[in-house]
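Summary of the model geometry
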Amino acid sequence: MPRRPPAVDDYASSVPNVILASTDSDFVDQLIPVLKDATHSNRTPVLTQCLNRYYEDREADIERIGLTKHEEFLDSVHRLQHVREGTVTLTAEILKLNQSIQSSTEKLAEQKGALVNTKAVRQNIADASNALKDSLKILHAVNNAHDLVRRKKYYPALKSLEDLQNEYLVPTIQNRYATQHRLADVIQKSIPASQKAIAEAAMTDLNTWLFRIRETSQFLGEVAFYHTELRRSRQRTRVEVDPFLANFKLNSAIELVSDENEEFDVLDNEELRVDFSPLFETLHIHEALGQTDKFRSEYAATRRQQKDLLLPSSIDLSAEDEASLSSLLEGIAGFSIIEKATMRRVPHLRSAADVEELWESMCSAAINLTSKALNSVNNAEVLLKIKGFIALFIQTMEGWGYTVSMLDSFLLTLFDKYAELLKRRFSEDFQEIVSTDDYMPMAINSPEEYEKVVNVSWFTQEKPADEITFPCVLPFSQMYPLCCIDIRNFLNQFYFFSDDHFQHPNVIDETLKKSLDELLTEKVCKSLVERLSSQYLGQIVQILINLEHFEIACQELEQLLIRARSSTSAGGPLKLSATEHFRNNKKTAEKRIFELVNSKIDDLVDTAEYDWTAPTVMSEPSNYMQTLTRYLSNIMGSTLLGLPREIKELIYFDALSHTANKILALPLSPEVKHINPNGVTALAQDVQYLTEFVDSLENGQMLRENLDELQQTINLLQSDNHDEFFDISSRNKKYGRVDALNGPTLLEKYCLLDGRP
């Protein structure tokens, strides 16, 4: 806007300059500003007064000059009149011009004011437009940031706010005279809230991602388990081709190298893909905001909460709900895989200590839940499945670098329970087999049946199978092959526990030996010994034969256990205490057979009815003697037939020795007061019958020695010279087996038919 001329307070100095202008144009040029100023400032009277005063002063000068210079004065007056006339005319013109100028000046002033106002408005509009453009740029940047947030592009939004600050807000705020200063200040103050909103939005998306990850954890674990199972299958195939590879377990360096062609990313495959972008973006945002520690703490707290939500309050390990444990382990596996993958991708977000702490916490919780549920498990097969789930879990997580020592230790507890259930079940089986056996030699009707029995039993037939005629009879009873089947099943089921993954095979070896010893000793051997109280000789004989074969089976088992035991077990020989139990109790069974045979002999001999002072001689052997020899012949040809030769000979030897002693005790009885030659003849006839029976037996000459004392005693009684017995030299030759006390006793009872001694 043009500057106005300074106001003229007094026209006294201006009027002479106007009047004394050298030319008319100068006069007008100087007069117009004065008139314009007078008109504009409403000071026209002041200008008129100044002009009148200038006029009066000039008139006084003229009058003074006229008095001194009359002619000149007149001439001057005359000229002055002309001037005055001109002045009057000029004054009129000036007044007229003044009015015209005043009118023009007002109009010009109005136009000038309008122009000035228009320029001011245009300037204001331009300033406002520029400010609006700058403000729109700021608002556009703000809106763009919010739009990026709505499109979930949080880091670009954060970057947009940062650019807004650096390019617009900070420079504008620093310029305090800038039009958009207030707007910039308001937006600058809202930046922290916007950044917080972006961080919260990113955290909301991250929480959604974490929720989906938690929901996906079980499926992720299932996929990981399936992949581990495939690796197991491939390893078994490789072992079949090259048995040397059996020395290398799953996750070993050799197995990993062998399987490297089968690459599989459990986090990115056809069935499942885990995108970590939300986590990376959220972490990047918090790093940009300088809130890394806060984010790390919040993320760790969220993962701990998710871990707690993952664990149920209880699980069911019954056969009807096998998915309960597998779901738990799959969930833990998926969760832990995410943790390990996160740590590998963002090492500074998840430390190894944090991840391992969560892992140990989940393992401990899983073990506690499983331990509580184990109390209701009474089936060894269910425990085997549980072990399979845990072994698969261990092998999967071991491949991800997790420590599995806690789980390996828990497998020991699981194995103890498994061994106890197996032992309990097989104890019942052995008990039932022993109690329901018929204790008769096992009949075989066909070669197929014979082959089945031989394959499951530790039994070697003297004859080849093609030379055996069917039906045939095996020496042992049916309980022996049934027990052998159970023993083999027991061994197999014990070693089933070591399949796939079990780091304590030596424990299996020791526990198996101990359990097998207890079963064979307590449930088989002891049960057989308890049945030795039977009065049925055939059953006792069969028990003895079974004990013999169980002893052989134990010896075979010792060798089998040596071959099957792991390389970590102690070397050297392996002895089952059951072997010694069976061997020792064979003696018990033999004694029981002796007892029964001798008891029968006692019963038969007790039926003897000798008339020691008979008036006549008996023509035939006594009935008891005939029955006795038939009994001995029958048991040797039937009941004792299945016994080993040496045992049969021992039984015969003992039976004949006992028979001789029992018969000899008849005349020595205190009830027998006298014995005559007819009585001795009757006894001699029975002994001769017995001797002939013994001579007819195999090894009769050896067995006959048992009758020497009896025979020499009869010879003594029938001798004509009894004094020979009292002569040591002759007694040793003829009656060396006769007891030194029994001989005199019998001789005292002996008397001739006429009553003379």
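Everything numeric in this text was worked out from a predicted model, so none of it was measured.

Rules used in this analysis
Residues numbered from 1 in each chain as written. Predicted model: local features only at pLDDT ≥ 70, side-chain atom pairs only at ≥ 80, totals over all residues. Heavy atoms only, no water. Helix = DSSP H or I, 4+ residues; strand = E, 2+ residues; numbered from the N terminus. Buried < 20%, exposed > 50% of the residue type's maximum accessible area, 1.4 Å probe, protein only. Contact = heavy atoms within 4.5 Å. Areas by Shrake-Rupley, 256 points an atom, 1.4 Å probe, with all protein chains shown as cover. Phe/Tyr/Trp six-rings, centres within 6.5 Å; stacked < 30°, edge-to-face > 60°. Salt bridge = Lys/Arg side-chain N within 4 Å of Asp/Glu carboxyl O. Disulfide = S-S within 2.5 Å. Core = buried A, V, L, I, M, F, W, Y, C linked by side-chain atoms within 4.5 Å. 1 Å grid on protein atoms, 1.4 Å probe; cavity = no way out; pocket = protein on both sides within 12 Å on 5 of 7 lines; lining within 4 Å. Points joined across faces, edges and corners; volume = space filled by probe spheres on them. Nonpolar A, V, L, I, M, F, W, Y, C, P; charged D, E, K, R; others polar. Patch = residues over 30% accessible without salt bridge, like charges linked within 9 Å, V, L, I, M, F, W, Y side chains within 5 Å. Lys, Arg positive; Asp, Glu negative; His and termini not counted. Charge placed at Lys NZ, Arg CZ, Asp CG, Glu CD. Axes fitted to C-alpha atoms, helices over the stretch in contact; angles between N-to-C directions. Parallel < 35°, antiparallel > 145°, perpendicular 65-115°, else oblique. Left-handed = near helix turned anticlockwise from the far one by under 90°. pLDDT = per-residue confidence, 0-100. Polar contact = N/O pair within 3.5 Å; in protein donor to acceptor, adjacent residues only side chain to side chain. Expected span 1.5 Å × (residues − 1). Arc of directions from axis to C-beta.

With that settled, consider the overall build of the chain. The number of helices and strands found in the chain is 25 helices and two strands. Taking all 757 residues of the chain together, 42% fall into the buried category. Across the chain, every contact between residues at least 6 apart in sequence was considered, and the portion connecting residues at least 24 apart equals 75%. Accessible area of the chain: about 41,400 Å², with a carbon and sulfur share of 51%.

Further remarks concern the packing of aromatic side chains. Tallying each qualifying case throughout the model produces 15 aromatic pairs. Judged by centre distance (5.1 Å) and plane angle (75 degrees), the rings of Phe 426 and Phe 490 are edge-to-face. In this pair, Phe 426 sits in helix H13 (residues 405-436) while Phe 490 sits in helix H15 (residues 479-496), placing the two residues 64 residues apart along the sequence. Residue Phe 426 shares its accessibility class with Phe 490, and that shared class is buried. Among the aromatic residues, ring-to-ring pairing joins Phe 459, Phe 476, Tyr 480, Phe 550 and Phe 582 into one connected group.

Our next topic: the pattern of salt bridges. All told, the structure shown has 20 salt bridges when counted by the stated rule. A salt bridge links Glu 339 to Arg 350; its shortest N-O distance comes to 2.6 Å. Taken together, the residues span a long stretch of sequence, with Glu 339 in helix H10 (residues 323-345) and Arg 350 in the loop between H10 and helix H11 (352-374) at a distance of eleven residues. Arg 350 carries the same exposure label as Glu 339, and that label is buried. Connected through salt bridges with shared partners, the residues Glu 548, Glu 551, Glu 580, Arg 583 and Lys 586 form a single ionic network.

Another aspect to go through is the state of the cysteines. Overall, the coordinates contain zero disulfides when judged by the stated rule. Distance from the sulfur of Cys 525, which forms no disulfide, to the nearest cysteine sulfur (Cys 554) is 8.4 Å.

In this section: the nonpolar core. Ranked by size, the top nonpolar core spans 167 residues in total, and within it Leu 267, Ile 593, Val 597 and Leu 632 carry the most contacts. With sequence-adjacent residues up to four places away left out, Leu 632 is seen in contact with Val 597, Ile 601, Tyr 652, Ala 655, Leu 656 and Phe 693. Counting eleven residues, the second-largest nonpolar core is a separate cluster that includes Val 15, Leu 31, Tyr 54 and Ile 101.

Below, the discussion takes up unusual backbone geometry. Going from Phe 470 to Pro 471, the amide bond is cis rather than trans, its omega being 0 degrees. With respect to the helices, strands and loops of the structure, Pro 471 is situated in the loop between helix H14 (447-456) and strand S2 (472-474). For Tyr 439, which is not glycine, the phi torsion reads 50 degrees and is therefore positive. As for its position among the elements, Tyr 439 is in the loop between H13 and strand S1 (442-444). Tyr 439 gets classed as buried once you look at its relative accessible area, which sits at 3%.

Applying the stated rule across the entire model yields four cavities of 30 Å³ or more. In this structure, the second largest cavity encloses a volume near 50 Å³. Around the second largest cavity, the lining residues are Leu 325, Leu 329, Ala 366, Ile 367, Thr 370, Ile 390, Phe 393, Leu 407 and Phe 410. Of all elements in the fold, only H10, H11, helix H12 (380-398) and H13 reach the threshold of two or more residues within the lining of the second largest cavity. The greatest single-element share of the lining of the second largest cavity, amounting to three residues, is contributed by H11. When the residues that make up the lining of the second largest cavity are grouped by side-chain class, the tally is eight nonpolar, one polar and no charged.

Next up on the list: a negative patch on the surface. A contiguous patch of negative charge, built from Glu 56, Asp 57, Glu 59 and Glu 63, is present on the exposed surface. Structurally, the position occupied by Glu 63 is in helix H3 (residues 44-68).

Our next topic: the environment of Leu 220. Here Leu 220 lies in helix H6 (residues 181-241). For the pair Leu 220 and Ile 338, spaced 118 residues apart in sequence, the C-alpha separation works out to 9.0 Å.

Two elements in contact, helix H9 (residues 292-310) and H10, have axes separated by 10 Å at closest approach and are oriented at 165 degrees. The angle between the axes of H9 and H10 places the two elements in the roughly antiparallel class. You can see that H9 and H10 cross each other, and the crossing is left-handed. Here Tyr 299, Arg 303, Gln 306, Lys 307 and Leu 310 of H9 come into contact with H10, specifically with Leu 328, Gly 331, Ile 332, Phe 335, Ile 338, Glu 339 and Thr 342. Taken together, the residues of the contact of H9 with H10 break down into six nonpolar, three polar and three charged.

Along the chain, Gln 555 falls in helix H17 (residues 537-564). For the pair Gln 555 and Lys 575, spaced 20 residues apart in the sequence, the C-alpha separation amounts to 8.2 Å. Once residues lying within four places of it in the same chain are set aside, the contact partners of Gln 555 are Thr 579 and Arg 583.

With that settled, consider the confidence of the model for the chain. Residue-level pLDDT values for the chain average 78, and 78% of them are 70 or greater. Between the elements of the chain, mean pLDDT differs from a low of 59, seen in helix H5 (residues 154-174), to a high of 89, seen in H11.

Turning our eyes to something else, we now look at the packing of H11 against H13. Where H11 contacts H13, the two axes come as close as 10 Å, and the packing angle between them is 5 degrees. The orientation of H11 relative to H13 falls into the category roughly parallel. Contact residues: H11 offers Trp 359, Glu 360, Cys 363, Ser 364, Ile 367, Thr 370, Ser 371 and Leu 374, while H13 offers Met 406, Leu 407, Phe 410, Leu 414 and Lys 417.

Let us now look at the side chain of Gln 539. Inspection of the secondary structure assignment puts Gln 539 in helix H17. Polar contacts involving the side chain of Gln 539 include one to the side chain of Ser 534, which spans 3.3 Å. Beyond its immediate chain neighbours, meaning those up to four positions away, Gln 539 contacts Tyr 439, Arg 531 and Ser 534.

This part is about H9. Across its 19 residues, H9 extends 27 Å between first and last C-alpha, which sits within 8% of the 27 Å expected from 1.5 Å per residue. Buried within H9 are the following residues: Thr 292, Phe 295, Tyr 299, Ala 300, Thr 302, Arg 303, Gln 306, Lys 307 and Leu 310. Summarising the axial view, the buried residues of H9 lie within an arc of 165 degrees, below the 170-degree limit, and thus occupy one face. Exposed residues pointing more than 90 degrees away from the buried face of H9 are listed as Asp 293, Gln 305 and Leu 309.

Here we come to the side chain of Ser 515. For Ser 515, the position within the fold is in helix H16 (residues 505-530). If we skip the residues at most four places from it in the chain, Ser 515 touches Lys 423, Phe 490 and Phe 494.

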